[in-house]
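Close look at the chain arrangement
Read off the chains here:
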There are 2 protein chains.
Amino acid sequence: MDGTAVIFTQRYYQSPQAKTAHGLVRGTERYQILAVLDSEAAGQDAGTVLDGRPRQIPIVSGLEAFLATGQRADYLIIGIANAGGKLDPAWMPVIADAIRAGMSIVSGMHELLADQPVLTALAEAQGVRLIDVRRPRHRDELHFWTGEIHEVTSARIAVLGTDCAVGKRTAARMLTQACRQDGLQAEMIYTGQTGWMQGGQYGFVFDATLNDFVSGELEHAIVSCYRNLHPDVMFIEGQAALRNPSGPCGSEMLVSGNANGVILVHPPGRVYYKGWEHLGRKIFPLYSEVQLVEAYGPRVLGIALNTQHLSHEEALTWQRHYEKELSIPVVLPVEEGVNSLIPAVRSLIH
Amino acid sequence: MDGTAVIFTQRYYQSPQAKTAHGLVRGTERYQILAVLDSEAAGQDAGTVLDGRPRQIPIVSGLEAFLATGQRADYLIIGIANAGGKLDPAWMPVIADAIRAGMSIVSGMHELLADQPVLTALAEAQGVRLIDVRRPRHRDELHFWTGEIHEVTSARIAVLGTDCAVGKRTAARMLTQACRQDGLQAEMIYTGQTGWMQGGQYGFVFDATLNDFVSGELEHAIVSCYRNLHPDVMFIEGQAALRNPSGPCGSEMLVSGNANGVILVHPPGRVYYKGWEHLGRKIFPLYSEVQLVEAYGPRVLGIALNTQHLSHEEALTWQRHYEKELSIPVVLPVEEGVNSLIPAVRSLIH
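No experiment lies behind these values; they were computed from the predicted model shown. (Residues numbered from 1 in each chain as written. Chains lettered and ligands numbered in written order. Predicted model: local features only at pLDDT ≥ 70, side-chain atom pairs only at ≥ 80, totals over all residues. Heavy atoms only, no water.)

What about the packing of aromatic side chains?
How two aromatic rings sit relative to each other is given by the distance of their centres and the angle of their planes. Applying the stated criterion across every chain, the model contains eleven aromatic pairs over all chains. Ring geometry for A:Y31 against A:Y75: centres 5.2 Å apart, planes inclined by 65°, an arrangement best described as edge-to-face. Pair noted here: A:Y31 is in strand β2 (residues 31–38) and A:Y75 is in strand β4 (residues 75–78), with a separation of 44 residues, a long-range link. Judged by relative accessible area, A:Y31 falls into the buried class, the value being 1%. In this structure A:Y75 comes out as buried when scored by relative accessible area, which is 9%. Here the guanidinium or amino end of A:R243 rests over the ring plane of A:F284, the centre of that ring lying 3.7 Å away. The aromatic ring of B:W196 is capped on one face by B:R30, whose charged end is 3.9 Å from the ring centroid. (Phe/Tyr/Trp six-rings, centres within 6.5 Å; stacked < 30°, edge-to-face > 60°. Helix = DSSP H or I, 4+ residues; strand = E, 2+ residues; numbered from the N terminus. Buried < 20%, exposed > 50% of the residue type's maximum accessible area, 1.4 Å probe, protein only. Lys NZ or Arg CZ within 6 Å of the ring centre and 35° of its normal.)

Right, here's the structure in full:
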């Protein structure tokens, strides 16, 4: 545990843009979350707003309101993941005030805190840190793929999605926890900034890595986890989707990560790739995504449905439909957990 | 044309490691190549050694021997593409001597000339440039994917391979030239450092780009080419292979580049992915690669065979075999050119 933290979401906590905050509210082993700072959702419990389950994390209107309670936090975390990864000028006064209040700042933006001279001077004067989780690493710190992945005997399950922002990280985290409760030694390999913020020990930030080193960094994370912990199973967090036009991803997990099983997360209530509705780029049917995954080699073990835009009845209808169509288990993770995927996971463990 | 150049290959001209040199000997519009510097192949014509066709480019034993002829060159190009992309300490004296002789240095290594203080000081003193083609660009210079690719009406043909170092760039260049001779306006989108060195105007260096910007840089290159030239067809240079374990690649061209056709380059004489023979990772059968490509959407228009390790008779046998199996044209580019692929290319042009 690195310390106590508040999460800043400006006024976006109730939108998918705040998915970093949502992940941290669901759970993190790196920080003790004291509050969410959001002007629109203030006064409620952050868990209740997220999925109806209170988590004793109050939402307050801003930093001033938080400090007025007399509490202090070690970190302010930027809880928004916008598309361009740019720091919003509107955040600057809040960040500066947090630094003046003795807080270190954690950001997962492409645009770096460390590149803002005003912030670096202020942080130095206050003796606090600016932590850029997405800072690209220099090639001397990066690994090429070596083939050492072939020594890993743990099951390697890639948690891929048919689109961005469908809950791949959340599903991977739930699977890891469910397997542990079922007596398996399970680990998660994170591939995004939120995974690190949630306390991930093995992984890397995929999209901030020079392309030539992506496969090697992924292998290095998996092999390090294997050598240190020899888990029964590793769940590898996917990114984007195999056919997402703005950045196809997944073959790295399937091929370089040598995955031997896949869990696919799919949102039946979404027609177009998120953000590309105006282009008319439709998400491919689930059976076609299963075929594409299996053309790479690994078998799809099960499906996790994202129920956005669906009534509970519609969600159950889709669940039955896909179970019949694909003859593999289909779960609604948020509504009913992921336990019914465990037998399929166990089938890969010897 | 940037100027005259010599290509330094140390003693590796006759190995696949010197593929950058090989590409430049085959042709470049950026430099006039005066000589190849290679201690093992000295005394021969660089074209003859490459593929039996003289190109009036002498191989001399080293820089000293070149300078002794009384000639001068504007550039020394490092013609080796090793796996780690590291500068070899053994090259340093040659690079330093070239700078002292007034030559600018061109390198496609991951390790940068500009990070070597000895070289930067020397270059500054001599008033020459250190050109690092693989220098990663800062995020401010990079593009995200926007969807503007949908305005492009030119045919977009991805030239992919079933492995690394099979001749994707060479096939793309030959196709571009053959189409031009056939009266089409054809352009090539480069995606590697050698493509830039050969004079490519539209493209980027894929493997030296932060992963989140790969799709956008590819789109930007294609859209820029389209807006400036409105060609009939663009050939997009592939990288690695869809299932190459050390770095799968290709979905970016198929999905973000919105390719509507594919030419696949395949080496029937090679059993394992290059460099991974000891892992036993076999190259997948050609029909299975065609299926995987087509699972992404675009149709495979034709095959180009790399005839390494094959007799001419064996190459012809494979050609007939694949034509029968796949019912699409199969060519031997080096031996017979790529003209018989042109009708398939034309089928995409309206």
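And the narrative resumes.
Digging into the pairing of strand β9 (residues 233–237) of chain A
Residue and element names in this part refer to chain A. Counting buried positions along β9 gives five out of five residues, so the element sits mostly inside the fold. Of the two faces of β9, the one lined by V233, F235 and E237 and the one lined by M234 and I236 are each fully buried. Strand direction decides the pairing type here: strand β7 (residues 155–161) and β9, joined by five bridges, are parallel. Opposite A158, over in β9, you have I236 as the bridge partner. (Pairing = 2+ DSSP bridges.)

Some details on the interface of chain B and chain A
Opposite the 45 residues of chain B that make contact, chain A presents 45 residues. Around 3,600 Å² of area is buried between chain B and chain A when both sides are counted, 55% of it from carbon and sulfur atoms. Contact with chain A buries surface across chain B, with B:R139, B:W145 and B:N211 losing the most and accounting together for 17% of the total. For the pair chain B and chain A, the interface holds four salt bridges. Here B:R134 makes a salt bridge to A:D212, at a shortest N to O gap of 3.8 Å. Where chain B packs against chain A, one counts 17 residue pairs in polar contact (both at pLDDT 80 or more). Of all the secondary structure elements, the ones that give two or more residues to the side of chain B that touches chain A are α8 (214–229), α9 (251–256) and α10 (286–296) of chain B. For the side of chain B that touches chain A, the leading source of residues is α9(B), giving four residues. Per-class residue counts for the side of chain B that touches chain A are 19 nonpolar, 15 polar and eleven charged. (Contact = heavy atoms within 4.5 Å. Buried area = accessible area lost by both parts, 1.4 Å probe. Salt bridge = Lys/Arg side-chain N within 4 Å of Asp/Glu carboxyl O. Polar contact = N/O pair within 3.5 Å; in protein donor to acceptor, adjacent residues only side chain to side chain. Nonpolar A, V, L, I, M, F, W, Y, C, P; charged D, E, K, R; others polar.)

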